[in-house]
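Summary of structural features
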Amino acid sequence: MAETLTWSREDARLILRGELDQETVGALWQQRNAAMSGVTIIDLNAVDRVDTSGLAMLLHLVHIGKQGGNRINLDGISDKLTTLAKLYNLPADLLPVTTS
């Protein structure tokens with residue numbers, strides 16, 4: 001059984017929790033524009049698993065943020081997600097990692 005995906009906002013931070021996969025991204029997809037309004041950091045520290053659907057969702061969220069004129073960074077990106085992005089040969093700037 002898939003875990004759920006929840007999200008919340010703290011100032012300019014969108015915090016995702018749970019699994020970001022094919023079974024869970026639908027609700028976030030429906031609210032993606034509102035969820036990304038004013039966001040500059042997508043916090044993945046509490047994300048347990050990301051599949052290709054989750055990767056696609058993250059790419060869309062980053063794109064939405066950039067379209068809104070914000071510089072978007074990902075905080076807490078896992079090694080597995082980094083590897084998945086590399087398998088798809090994605091440019092590094094598509095998944096901008098926070099370096100703090």
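Our subject in this report is the structure included herewith. (Residues numbered from 1 in each chain as written. Predicted model: local features only at pLDDT ≥ 70, side-chain atom pairs only at ≥ 80, totals over all residues. Heavy atoms only, no water.)

1. Notes on the pairing of strand 2 (residues 13-20)
Where burial is concerned, most of strand 2 is hidden: six out of the eight residues are buried. From the end of strand 1 (residues 5-10) to the start of strand 2, which pair antiparallel, there are two residues, and Asp 11 there has a positive phi angle of about 55 degrees. In this structure, strand 2 lies alongside strand 3 (residues 41-50), joined through seven bridges in parallel fashion. Note that in strand 3 the partner of Ile 15 across the bridge is Asp 43. (Buried < 20%, exposed > 50% of the residue type's maximum accessible area, 1.4 Å probe, protein only. Helix = DSSP H or I, 4+ residues; strand = E, 2+ residues; numbered from the N terminus. Pairing = 2+ DSSP bridges.)

2. Some remarks on the pairing of strand 3
The pairing of strand 3 with strand 4 (residues 73-75) spans three bridges and is classified as parallel. Within strand 4, the residue paired with Ile 41 across the bridge is Asn 73.

These results come straight from atomic positions and should not be treated as a statement about function.
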